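Each chain, letter by letter, is given below.
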Amino acid sequence: IFGIDVHGDVNEWNNMTAEITGFTKEEAFSKPLVSTFIVPSLRQSVHEVLDKALHGNETSNYELEFETKGKRIRHLLVNATTRRDAEGNIVGVVGVAQDVTETAKQDRAVAAMANELRQLVDTANAPIF
């Protein structure tokens, strides 16, 4: 679980997020989430998802890539939920994430294998039954 305020700065960073990313709560707090922790190629789309949530339009099952303190990439499946105060005013976004890094690796391996098999069949000199 992680959260941002209306400016996009981290204001929630639970122990599991710290474990996955390698950044402690103290290191993450008050940092801009997107520019600090999201890989450059996804920053625009993640910013859009968070901006929508800051306007009350929540997103479910959005896959993003976090860059860890050790410069590794972790694939997270995120639900971005609007956070409101007692009066109903939007005060930020809460992200509830599931680490799907291993699943993403397996999916890419299966896709690569399927592509290789397709190329093999397409370039075979003899009929394949």
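Residues numbered from 1 in each chain as written. Predicted model: local features only at pLDDT ≥ 70, side-chain atom pairs only at ≥ 80, totals over all residues. Heavy atoms only, no water.

## As for the pattern of salt bridges
In the structure shown here, the tally under the stated rule is three salt bridges. Taking the shortest distance from any N to any O, the salt bridge between Glu-27 and Lys-69 comes out at 2.5 Å. In this pair, Glu-27 is assigned in helix α2 (residues 25-28) and Lys-69 in the loop between β3 (59-67) and β4 (73-84), connecting sequence segments 42 residues apart. Residue Lys-69 is classed as partly exposed on the basis of its relative accessible area of 44%. With a closest N to O distance of 2.6 Å, Asp-99 and Arg-74 form a salt bridge. With a gap of 25 residues between them, Asp-99 in strand β5 (residues 90-99) and Arg-74 in strand β4 connect regions that are remote in the sequence. (Salt bridge = Lys/Arg side-chain N within 4 Å of Asp/Glu carboxyl O. Helix = DSSP H or I, 4+ residues; strand = E, 2+ residues; numbered from the N terminus. Buried < 20%, exposed > 50% of the residue type's maximum accessible area, 1.4 Å probe, protein only.)

## A look at the nonpolar core
Trp-13, Leu-33, Phe-37, Val-46, Leu-64 and Phe-66 are the most contacted members of the largest nonpolar core, which has 25 residues in total. Among the elements of the structure, β1 (2-5), β2 (10-13), α3 (33-37), α4 (43-54), β3 and β4 are those that each provide at least two residues to this core. It is α4 that contributes the most residues to this core, five residues altogether. Contact partners of Phe-66, with chain neighbours within four places excluded, come to Phe-2, Trp-13, Thr-21, Leu-33, Phe-37, Ile-38, Arg-72, Ile-73, Arg-74 and Leu-76. (Core = buried A, V, L, I, M, F, W, Y, C linked by side-chain atoms within 4.5 Å. Contact = heavy atoms within 4.5 Å.)

## Quick notes on the confidence of the model for the protein chain
Detailed reading of the predicted coordinates is not advisable wherever pLDDT is low. When the pLDDT values of the protein chain are averaged, the result is 88; 82% of them are 70 or greater. Of all the helices and strands in the protein chain, helix α5 (residues 101-123) carries the lowest mean pLDDT, 65, while β2 carries the highest, 98. (pLDDT = per-residue confidence, 0-100.)

## As for the pairing of β1
Residues Phe-2 and Ile-4 point to one face of β1 and Gly-3 and Asp-5 to the other, with burial holding for every one of them. Looking at chain direction, β1 and β2 are connected through three bridges and run antiparallel. In the sheet register, Gly-3 faces β2, and the bridge partner there is Glu-12. Connecting the antiparallel pair β1 and β2 is a turn made up of four residues, with Gly-8 showing a positive phi of about 90°. Bridge count for β1 against β5 is four bridges, and the pairing is antiparallel. In the strand pairing of β5, Gly-3 is matched with Val-94. (Pairing = 2+ DSSP bridges.)

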